Amino acid sequence: EPFKNLKLRSQIGTDTRFARGNSASIPSSKLRSGTGARSKSFQLMSNNTITNTIEYSFTAANDHSVTLLAGHEGVSNWYDRFSASSSGQTEDRLLILQQGTSDSYSISESSESSRFLSFFGHSEYSYANKYIFTADIRNDASSRFGINKRNATFWAVGGRWNLSRESFLKNSPWLSNASLKLSYGTQGNASIGNYEHLALISTTTNYHDGNAWVVGQPSNNNLTWEQQALFTAGISGRLFDAVDLEVEFYNRKTTNMLMDVPYPYTTGFDELTANVGGLTNTGIDVTLGIDILRNRDYYLRFNSNFNYNSEKVAELFDAAWDEDLQRYRWQMNSYGLAYVQGMPVMFYAPVYAGIDPEDGRQMWYVPGDDPDVTTKDKTTKNFDDEALTQNTGLKYTAPINGGFSLRGGWKFLSFAADFSYVLGKTLINNDAIFYEN
(Lines give C-alpha, C1' and ligand atoms only; values in the text may rest on other atoms or scores of the structure.)
Protein backbone atom coordinates (compact mmCIF):
# COMPACT_ATOMS: atom_id res chain seq x y z
CA GLU A 1 0.00 0.00 0.00
CA PRO A 2 2.36 2.76 -1.23
CA PHE A 3 -0.07 5.49 -0.21
CA LYS A 4 -3.54 5.74 1.24
CA ASN A 5 -6.35 3.99 -0.69
CA LEU A 6 -3.98 2.45 -3.27
CA LYS A 7 -3.29 -1.28 -2.93
CA LEU A 8 -0.96 -3.39 -5.04
CA ARG A 9 -1.21 -7.14 -4.71
CA SER A 10 0.72 -9.99 -6.32
CA GLN A 11 -0.04 -13.61 -5.59
CA ILE A 12 1.41 -16.82 -6.96
CA GLY A 13 0.31 -20.34 -6.15
CA THR A 14 0.56 -23.91 -7.27
CA ASP A 15 -1.61 -26.98 -6.90
CA THR A 16 0.64 -29.92 -7.70
CA ARG A 17 0.09 -33.64 -7.28
CA PHE A 18 2.50 -36.53 -7.77
CA ALA A 19 1.09 -40.05 -8.00
CA ARG A 20 2.95 -43.36 -8.10
CA GLY A 21 1.17 -46.59 -9.04
CA ASN A 22 2.60 -49.98 -8.15
CA SER A 23 0.87 -53.36 -8.60
CA ALA A 24 1.88 -57.01 -8.75
CA SER A 25 0.26 -60.42 -9.11
CA ILE A 26 2.30 -63.25 -7.58
CA PRO A 27 2.80 -66.45 -9.62
CA SER A 28 2.01 -68.73 -6.64
CA SER A 29 -1.53 -67.34 -6.38
CA LYS A 30 -4.21 -69.84 -7.33
CA LEU A 31 -5.66 -67.13 -9.55
CA ARG A 32 -2.52 -66.79 -11.68
CA SER A 33 -1.75 -70.39 -12.82
CA GLY A 34 1.98 -70.05 -12.15
CA THR A 35 2.61 -66.74 -14.01
CA GLY A 36 2.80 -63.32 -12.44
CA ALA A 37 2.33 -59.74 -13.63
CA ARG A 38 3.89 -56.39 -12.77
CA SER A 39 3.06 -52.77 -13.56
CA LYS A 40 4.33 -49.36 -12.54
CA SER A 41 3.15 -45.85 -13.33
CA PHE A 42 4.16 -42.29 -12.50
CA GLN A 43 2.17 -39.13 -13.12
CA LEU A 44 2.66 -35.46 -12.31
CA MET A 45 -0.13 -32.87 -12.47
CA SER A 46 0.48 -29.19 -11.86
CA ASN A 47 -1.73 -26.09 -11.92
CA ASN A 48 0.13 -22.79 -11.47
CA THR A 49 -1.50 -19.37 -11.13
CA ILE A 50 -0.17 -15.84 -10.85
CA THR A 51 -2.49 -12.90 -10.16
CA ASN A 52 -1.59 -9.19 -10.02
CA THR A 53 -4.04 -6.42 -9.14
CA ILE A 54 -3.98 -2.68 -8.50
CA GLU A 55 -6.93 -1.19 -6.59
CA TYR A 56 -7.82 2.40 -5.76
CA SER A 57 -10.80 3.33 -3.62
CA PHE A 58 -11.99 6.57 -2.06
CA THR A 59 -15.02 8.20 -0.44
CA ALA A 60 -16.20 11.73 -1.26
CA ALA A 61 -18.63 13.88 0.70
CA ASN A 62 -19.26 10.92 3.03
CA ASP A 63 -21.89 9.40 0.73
CA HIS A 64 -20.06 8.69 -2.54
CA SER A 65 -17.81 5.62 -2.58
CA VAL A 66 -15.78 4.57 -5.62
CA THR A 67 -13.60 1.51 -6.18
CA LEU A 68 -11.46 0.93 -9.29
CA LEU A 69 -9.48 -2.24 -9.89
CA ALA A 70 -7.36 -3.58 -12.75
CA GLY A 71 -5.64 -6.92 -12.88
CA HIS A 72 -3.86 -9.66 -14.76
CA GLU A 73 -3.92 -13.42 -14.29
CA GLY A 74 -1.98 -16.26 -15.88
CA VAL A 75 -2.75 -19.96 -15.48
CA SER A 76 -0.55 -22.84 -16.59
CA ASN A 77 -1.74 -26.46 -16.47
CA TRP A 78 0.61 -29.39 -17.06
CA TYR A 79 0.16 -33.16 -16.97
CA ASP A 80 2.71 -35.93 -17.63
CA ARG A 81 2.30 -39.70 -17.26
CA PHE A 82 4.40 -42.79 -17.88
CA SER A 83 3.52 -46.45 -17.30
CA ALA A 84 5.07 -49.87 -18.00
CA SER A 85 3.92 -53.45 -17.46
CA SER A 86 4.90 -57.04 -18.14
CA SER A 87 3.65 -60.54 -17.35
CA GLY A 88 5.01 -64.08 -17.28
CA GLN A 89 7.07 -63.86 -14.06
CA THR A 90 7.51 -67.28 -12.44
CA GLU A 91 9.11 -66.42 -9.09
CA ASP A 92 7.35 -64.55 -6.28
CA ARG A 93 10.65 -62.98 -5.18
CA LEU A 94 11.55 -61.66 -8.62
CA LEU A 95 8.51 -59.60 -9.48
CA ILE A 96 10.26 -56.92 -11.52
CA LEU A 97 9.35 -55.68 -14.97
CA GLN A 98 12.25 -57.23 -16.89
CA GLN A 99 11.54 -60.70 -15.47
CA GLY A 100 8.39 -60.91 -17.58
CA THR A 101 8.43 -62.45 -21.04
CA SER A 102 9.65 -60.07 -23.74
CA ASP A 103 6.48 -60.38 -25.81
CA SER A 104 4.42 -59.12 -22.84
CA TYR A 105 6.30 -55.83 -22.40
CA SER A 106 4.01 -52.79 -22.64
CA ILE A 107 4.91 -49.14 -22.29
CA SER A 108 2.83 -45.98 -22.64
CA GLU A 109 3.36 -42.25 -22.25
CA SER A 110 1.12 -39.19 -22.34
CA SER A 111 1.64 -35.50 -21.75
CA GLU A 112 -0.46 -32.38 -22.25
CA SER A 113 -0.60 -28.76 -21.19
CA SER A 114 -2.74 -25.65 -21.47
CA ARG A 115 -2.43 -21.95 -20.63
CA PHE A 116 -4.78 -19.06 -19.95
CA LEU A 117 -3.99 -15.35 -19.92
CA SER A 118 -6.48 -12.76 -18.66
CA PHE A 119 -6.65 -8.99 -18.17
CA PHE A 120 -9.60 -7.52 -16.30
CA GLY A 121 -11.05 -4.36 -14.85
CA HIS A 122 -13.72 -3.73 -12.20
CA SER A 123 -15.44 -0.54 -11.06
CA GLU A 124 -18.00 0.04 -8.32
CA TYR A 125 -19.94 3.11 -7.24
CA SER A 126 -22.12 3.41 -4.14
CA TYR A 127 -24.24 6.29 -2.94
CA ALA A 128 -25.01 6.20 0.79
CA ASN A 129 -24.90 2.41 0.53
CA LYS A 130 -28.40 2.67 -0.99
CA TYR A 131 -27.65 2.60 -4.70
CA ILE A 132 -24.76 0.40 -5.87
CA PHE A 133 -23.58 0.06 -9.45
CA THR A 134 -20.84 -2.21 -10.80
CA ALA A 135 -19.20 -2.65 -14.20
CA ASP A 136 -16.65 -5.28 -15.24
CA ILE A 137 -14.70 -6.06 -18.38
CA ARG A 138 -12.13 -8.77 -19.11
CA ASN A 139 -10.20 -10.27 -22.00
CA ASP A 140 -9.32 -13.95 -21.85
CA ALA A 141 -7.00 -16.00 -24.04
CA SER A 142 -6.72 -19.80 -24.02
CA SER A 143 -4.31 -22.15 -25.74
CA ARG A 144 -7.25 -24.52 -26.26
CA PHE A 145 -8.56 -22.39 -29.11
CA GLY A 146 -7.45 -21.74 -32.67
CA ILE A 147 -4.79 -19.20 -33.45
CA ASN A 148 -7.33 -16.99 -35.24
CA LYS A 149 -9.73 -16.61 -32.31
CA ARG A 150 -7.81 -17.32 -29.13
CA ASN A 151 -8.95 -14.14 -27.35
CA ALA A 152 -12.44 -13.04 -26.36
CA THR A 153 -13.77 -10.06 -24.40
CA PHE A 154 -16.53 -10.34 -21.79
CA TRP A 155 -18.31 -7.71 -19.74
CA ALA A 156 -20.99 -7.24 -17.11
CA VAL A 157 -23.00 -4.44 -15.47
CA GLY A 158 -25.20 -4.60 -12.40
CA GLY A 159 -27.12 -2.55 -9.88
CA ARG A 160 -28.55 -3.01 -6.40
CA TRP A 161 -31.09 -0.89 -4.54
CA ASN A 162 -30.98 -1.38 -0.77
CA LEU A 163 -34.60 -0.65 0.01
CA SER A 164 -34.20 -0.97 3.76
CA ARG A 165 -32.00 2.13 3.83
CA GLU A 166 -34.81 4.27 2.45
CA SER A 167 -36.74 6.38 4.97
CA PHE A 168 -40.07 4.69 4.20
CA LEU A 169 -38.65 1.27 5.19
CA LYS A 170 -35.78 2.13 7.51
CA ASN A 171 -37.71 1.43 10.71
CA SER A 172 -40.12 -1.15 9.34
CA PRO A 173 -41.13 -3.70 12.02
CA TRP A 174 -41.76 -6.47 9.48
CA LEU A 175 -39.13 -6.02 6.73
CA SER A 176 -35.35 -5.63 6.94
CA ASN A 177 -32.33 -6.14 4.65
CA ALA A 178 -34.60 -5.71 1.62
CA SER A 179 -32.98 -5.11 -1.75
CA LEU A 180 -33.63 -5.22 -5.48
CA LYS A 181 -30.94 -6.19 -7.97
CA LEU A 182 -30.49 -6.30 -11.74
CA SER A 183 -27.53 -7.53 -13.77
CA TYR A 184 -26.54 -8.41 -17.30
CA GLY A 185 -23.25 -9.83 -18.45
CA THR A 186 -21.34 -12.26 -20.59
CA GLN A 187 -18.87 -15.00 -19.77
CA GLY A 188 -16.87 -17.68 -21.61
CA ASN A 189 -16.49 -21.43 -21.40
CA ALA A 190 -13.33 -23.34 -22.38
CA SER A 191 -14.22 -26.80 -21.03
CA ILE A 192 -12.83 -28.88 -23.88
CA GLY A 193 -9.69 -30.91 -24.49
CA ASN A 194 -6.37 -29.17 -24.82
CA TYR A 195 -5.78 -29.88 -28.52
CA GLU A 196 -9.24 -29.87 -30.13
CA HIS A 197 -8.21 -27.11 -32.59
CA LEU A 198 -5.06 -28.81 -33.93
CA ALA A 199 -4.54 -31.21 -36.80
CA LEU A 200 -3.17 -34.27 -35.01
CA ILE A 201 -1.12 -37.19 -36.27
CA SER A 202 -1.79 -40.68 -34.93
CA THR A 203 -0.65 -44.21 -35.81
CA THR A 204 -2.50 -47.15 -37.29
CA THR A 205 -1.68 -50.84 -37.77
CA ASN A 206 -4.12 -51.30 -40.63
CA TYR A 207 -1.80 -50.37 -43.47
CA HIS A 208 -0.57 -53.61 -45.10
CA ASP A 209 -0.44 -55.18 -41.61
CA GLY A 210 2.14 -52.61 -40.59
CA ASN A 211 2.38 -49.32 -38.75
CA ALA A 212 1.63 -46.05 -40.49
CA TRP A 213 1.01 -42.41 -39.71
CA VAL A 214 -2.42 -40.94 -40.39
CA VAL A 215 -4.10 -37.59 -39.86
CA GLY A 216 -6.20 -38.42 -36.83
CA GLN A 217 -7.95 -35.05 -36.44
CA PRO A 218 -8.46 -32.09 -38.80
CA SER A 219 -7.57 -28.57 -37.69
CA ASN A 220 -10.00 -25.82 -36.78
CA ASN A 221 -8.15 -22.52 -36.47
CA ASN A 222 -11.45 -20.70 -35.85
CA LEU A 223 -12.37 -22.69 -32.73
CA THR A 224 -13.12 -20.15 -30.00
CA TRP A 225 -14.86 -19.49 -26.69
CA GLU A 226 -18.40 -20.64 -26.02
CA GLN A 227 -20.24 -17.56 -24.76
CA GLN A 228 -23.11 -17.02 -22.36
CA ALA A 229 -25.17 -13.87 -21.90
CA LEU A 230 -27.00 -13.81 -18.57
CA PHE A 231 -29.74 -11.46 -17.34
CA THR A 232 -30.88 -11.68 -13.71
CA ALA A 233 -33.44 -9.78 -11.65
CA GLY A 234 -34.04 -10.49 -8.00
CA ILE A 235 -35.53 -9.33 -4.72
CA SER A 236 -34.51 -10.36 -1.22
CA GLY A 237 -35.30 -9.46 2.37
CA ARG A 238 -35.88 -10.62 5.93
CA LEU A 239 -39.47 -10.81 7.18
CA PHE A 240 -40.50 -10.35 10.83
CA ASP A 241 -36.85 -10.89 11.83
CA ALA A 242 -37.33 -14.63 11.31
CA VAL A 243 -37.76 -15.44 7.61
CA ASP A 244 -35.10 -14.83 4.91
CA LEU A 245 -36.48 -14.92 1.38
CA GLU A 246 -34.79 -14.38 -1.99
CA VAL A 247 -36.42 -14.77 -5.41
CA GLU A 248 -34.43 -14.42 -8.63
CA PHE A 249 -35.42 -14.64 -12.27
CA TYR A 250 -32.78 -15.39 -14.92
CA ASN A 251 -32.45 -15.75 -18.67
CA ARG A 252 -29.26 -17.31 -20.00
CA LYS A 253 -28.48 -17.56 -23.70
CA THR A 254 -25.53 -19.69 -24.77
CA THR A 255 -24.04 -19.12 -28.23
CA ASN A 256 -21.10 -20.59 -30.13
CA MET A 257 -21.63 -23.82 -28.24
CA LEU A 258 -18.63 -26.16 -28.15
CA MET A 259 -19.99 -29.38 -29.67
CA ASP A 260 -18.71 -32.38 -31.59
CA VAL A 261 -20.18 -31.82 -35.06
CA PRO A 262 -20.58 -34.91 -37.30
CA TYR A 263 -18.49 -35.05 -40.50
CA PRO A 264 -19.19 -37.10 -43.65
CA TYR A 265 -17.19 -40.33 -43.41
CA THR A 266 -15.83 -39.66 -46.92
CA THR A 267 -13.60 -36.99 -45.33
CA GLY A 268 -11.82 -39.67 -43.30
CA PHE A 269 -13.16 -38.26 -40.01
CA ASP A 270 -16.37 -38.78 -38.10
CA GLU A 271 -16.58 -35.51 -36.10
CA LEU A 272 -14.90 -32.19 -35.33
CA THR A 273 -15.19 -29.91 -32.31
CA ALA A 274 -16.68 -26.61 -33.48
CA ASN A 275 -18.71 -23.59 -32.32
CA VAL A 276 -22.27 -24.30 -33.38
CA GLY A 277 -25.78 -23.52 -32.24
CA GLY A 278 -27.36 -21.80 -29.30
CA LEU A 279 -29.32 -22.72 -26.18
CA THR A 280 -31.56 -20.65 -23.90
CA ASN A 281 -32.32 -21.37 -20.26
CA THR A 282 -34.99 -19.37 -18.44
CA GLY A 283 -35.95 -19.99 -14.87
CA ILE A 284 -36.47 -18.93 -11.30
CA ASP A 285 -34.48 -19.52 -8.11
CA VAL A 286 -36.13 -19.34 -4.68
CA THR A 287 -34.13 -19.43 -1.45
CA LEU A 288 -35.93 -19.61 1.91
CA GLY A 289 -34.61 -19.64 5.47
CA ILE A 290 -36.71 -19.78 8.64
CA ASP A 291 -35.53 -19.32 12.22
CA ILE A 292 -37.77 -21.76 14.09
CA LEU A 293 -36.02 -21.23 17.42
CA ARG A 294 -33.41 -18.65 18.31
CA ASN A 295 -31.87 -17.95 21.67
CA ARG A 296 -28.46 -17.25 23.13
CA ASP A 297 -28.05 -20.94 24.09
CA TYR A 298 -29.95 -22.72 21.30
CA TYR A 299 -31.21 -22.38 17.74
CA LEU A 300 -33.14 -24.33 15.11
CA ARG A 301 -33.24 -23.21 11.47
CA PHE A 302 -34.84 -24.55 8.28
CA ASN A 303 -33.28 -23.71 4.88
CA SER A 304 -34.61 -24.50 1.42
CA ASN A 305 -33.76 -23.74 -2.19
CA PHE A 306 -35.80 -24.39 -5.34
CA ASN A 307 -35.00 -23.98 -9.04
CA TYR A 308 -37.24 -24.31 -12.08
CA ASN A 309 -35.54 -24.16 -15.47
CA SER A 310 -36.98 -24.11 -19.00
CA GLU A 311 -34.56 -25.07 -21.77
CA LYS A 312 -34.84 -24.51 -25.53
CA VAL A 313 -32.53 -25.05 -28.47
CA ALA A 314 -32.22 -21.62 -30.11
CA GLU A 315 -30.14 -22.42 -33.20
CA LEU A 316 -28.09 -25.16 -34.87
CA PHE A 317 -25.52 -25.49 -37.63
CA ASP A 318 -26.50 -25.42 -41.32
CA ALA A 319 -25.96 -29.14 -41.88
CA ALA A 320 -28.67 -29.85 -39.30
CA TRP A 321 -31.42 -28.49 -41.58
CA ASP A 322 -34.06 -31.16 -42.22
CA GLU A 323 -35.59 -30.53 -45.64
CA ASP A 324 -38.58 -32.83 -45.06
CA LEU A 325 -39.54 -31.35 -41.68
CA GLN A 326 -38.44 -27.78 -42.55
CA ARG A 327 -36.60 -27.28 -39.27
CA TYR A 328 -33.14 -27.52 -37.80
CA ARG A 329 -32.69 -30.84 -35.98
CA TRP A 330 -29.71 -32.97 -34.99
CA GLN A 331 -30.52 -36.49 -33.87
CA MET A 332 -27.71 -38.39 -32.14
CA ASN A 333 -28.84 -42.00 -32.15
CA SER A 334 -25.80 -43.30 -30.29
CA TYR A 335 -26.70 -41.02 -27.35
CA GLY A 336 -30.47 -41.37 -27.65
CA LEU A 337 -30.81 -37.58 -27.92
CA ALA A 338 -31.96 -34.97 -30.42
CA TYR A 339 -31.38 -31.22 -30.63
CA VAL A 340 -34.41 -29.65 -32.32
CA GLN A 341 -34.78 -25.90 -32.76
CA GLY A 342 -37.46 -24.46 -30.49
CA MET A 343 -37.53 -27.52 -28.19
CA PRO A 344 -35.58 -28.68 -25.13
CA VAL A 345 -33.03 -31.45 -25.63
CA MET A 346 -35.13 -34.64 -25.53
CA PHE A 347 -34.57 -38.38 -25.35
CA TYR A 348 -35.30 -40.21 -28.61
CA ALA A 349 -35.89 -43.98 -28.58
CA PRO A 350 -38.58 -46.58 -29.31
CA VAL A 351 -41.49 -45.96 -26.92
CA TYR A 352 -42.56 -49.14 -25.10
CA ALA A 353 -46.30 -49.91 -25.21
CA GLY A 354 -46.44 -52.86 -22.81
CA ILE A 355 -47.42 -56.50 -23.29
CA ASP A 356 -50.27 -57.81 -25.40
CA PRO A 357 -52.32 -59.93 -22.93
CA GLU A 358 -53.53 -62.15 -25.77
CA ASP A 359 -50.12 -63.60 -26.70
CA GLY A 360 -47.65 -62.14 -24.16
CA ARG A 361 -45.57 -60.36 -26.83
CA GLN A 362 -44.03 -56.93 -26.34
CA MET A 363 -45.42 -53.91 -28.17
CA TRP A 364 -44.05 -50.52 -29.24
CA TYR A 365 -45.76 -47.37 -30.44
CA VAL A 366 -45.40 -46.60 -34.14
CA PRO A 367 -44.10 -43.05 -34.77
CA GLY A 368 -46.15 -40.63 -36.85
CA ASP A 369 -44.94 -38.57 -39.77
CA ASP A 370 -43.14 -36.16 -37.41
CA PRO A 371 -40.57 -37.92 -35.16
CA ASP A 372 -40.36 -34.82 -32.94
CA VAL A 373 -43.97 -35.32 -31.83
CA THR A 374 -44.61 -38.24 -29.46
CA THR A 375 -47.24 -40.46 -31.10
CA LYS A 376 -49.13 -43.28 -29.31
CA ASP A 377 -51.95 -44.01 -31.77
CA LYS A 378 -50.75 -47.33 -33.18
CA THR A 379 -48.65 -50.24 -31.88
CA THR A 380 -46.50 -52.95 -33.43
CA LYS A 381 -44.89 -56.17 -32.19
CA ASN A 382 -42.04 -56.06 -34.70
CA PHE A 383 -39.15 -54.29 -33.04
CA ASP A 384 -37.02 -52.10 -35.31
CA ASP A 385 -34.78 -49.67 -33.42
CA GLU A 386 -34.37 -47.15 -36.23
CA ALA A 387 -37.93 -47.27 -37.56
CA LEU A 388 -39.53 -46.95 -34.11
CA THR A 389 -37.34 -44.17 -32.70
CA GLN A 390 -39.29 -41.02 -31.87
CA ASN A 391 -39.47 -38.25 -29.29
CA THR A 392 -40.12 -40.03 -25.98
CA GLY A 393 -41.50 -36.86 -24.37
CA LEU A 394 -38.76 -37.08 -21.73
CA LYS A 395 -36.35 -34.20 -21.21
CA TYR A 396 -32.60 -34.72 -21.04
CA THR A 397 -32.18 -32.01 -18.38
CA ALA A 398 -34.35 -32.13 -15.27
CA PRO A 399 -36.55 -28.99 -15.03
CA ILE A 400 -36.75 -28.92 -11.22
CA ASN A 401 -33.90 -29.06 -8.71
CA GLY A 402 -33.71 -28.16 -5.07
CA GLY A 403 -32.85 -29.06 -1.54
CA PHE A 404 -33.60 -28.39 2.10
CA SER A 405 -31.83 -28.67 5.41
CA LEU A 406 -32.47 -28.54 9.14
CA ARG A 407 -29.76 -27.20 11.43
CA GLY A 408 -29.79 -26.75 15.16
CA GLY A 409 -27.70 -26.46 18.26
CA TRP A 410 -27.73 -26.21 22.02
CA LYS A 411 -24.76 -24.67 23.80
CA PHE A 412 -21.73 -26.66 22.57
CA LEU A 413 -23.69 -29.28 20.62
CA SER A 414 -24.90 -28.90 17.03
CA PHE A 415 -26.46 -31.03 14.28
CA ALA A 416 -27.27 -30.70 10.58
CA ALA A 417 -29.33 -32.74 8.13
CA ASP A 418 -29.17 -31.93 4.40
CA PHE A 419 -31.38 -33.22 1.58
CA SER A 420 -31.54 -32.61 -2.16
CA TYR A 421 -34.03 -33.57 -4.87
CA VAL A 422 -34.33 -33.64 -8.66
CA LEU A 423 -37.74 -33.89 -10.35
CA GLY A 424 -38.20 -34.90 -13.98
CA LYS A 425 -34.79 -36.56 -14.36
CA THR A 426 -34.56 -39.45 -16.85
CA LEU A 427 -31.75 -41.93 -17.51
CA ILE A 428 -31.45 -44.52 -20.25
CA ASN A 429 -30.94 -48.03 -18.86
CA ASN A 430 -28.68 -49.70 -21.41
CA ASP A 431 -28.87 -53.04 -19.61
CA ALA A 432 -32.63 -53.09 -19.96
CA ILE A 433 -32.39 -52.23 -23.66
CA PHE A 434 -30.28 -55.33 -24.34
CA TYR A 435 -32.13 -57.67 -21.97
CA GLU A 436 -35.66 -56.74 -23.03
CA ASN A 437 -35.16 -56.26 -26.78
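Let me begin by describing the structure that accompanies this report. Just so it is clear, the structure is predicted and the values come from calculations on it, not from any experiment.

Considering the overall build of the protein
- Of regular secondary structure, the protein possesses 2 helices and 25 strands.
- Against the globule reference of 22 Å for 437 residues, the protein gives a C-alpha radius of gyration of 30 Å, more extended than a compact globule.
- Taken along its principal axes, the extent of the C-alpha atoms in the protein is 85 × 70 × 55 Å.
- Across the 437 residues that make up the protein, the buried fraction comes to 31%.
- Within the protein, contacts between residues at least 6 apart in sequence are counted, and of these 58% link residues at least 24 apart.
- When the accessible surface of the protein is split by element, carbon and sulfur atoms take 53% of a total near 27,400 Å².
- On the protein, the mean spot of the 38 positive side-chain charges and the mean spot of the 47 negative ones are 10 Å from each other.

Description of unusual backbone geometry
- Its identity as a non-glycine residue notwithstanding, N129 has a phi of 55 degrees, on the positive side.
- In this structure, N129 sits in the loop between β4 (106-127) and β5 (131-142).
- With a phi angle near 50 degrees, K411 is a residue other than glycine that sits in the positive phi range.
- If you trace the backbone, K411 turns up in the loop between β24 (400-410) and β25 (413-423).
- Judged by relative accessible area, K411 falls into the exposed class, the value being 53%.

The rules behind the values
- Residues numbered from 1 in each chain as written.
- Predicted model: local features only at pLDDT ≥ 70, side-chain atom pairs only at ≥ 80, totals over all residues.
- Heavy atoms only, no water.
- Helix = DSSP H or I, 4+ residues; strand = E, 2+ residues; numbered from the N terminus.
- Rg over C-alpha atoms; globule rule 2.2 N^0.38 Å.
- Buried < 20%, exposed > 50% of the residue type's maximum accessible area, 1.4 Å probe, protein only.
- Contact = heavy atoms within 4.5 Å.
- Areas by Shrake-Rupley, 256 points an atom, 1.4 Å probe, with all protein chains shown as cover.
- Lys, Arg positive; Asp, Glu negative; His and termini not counted.
- Charge placed at Lys NZ, Arg CZ, Asp CG, Glu CD.

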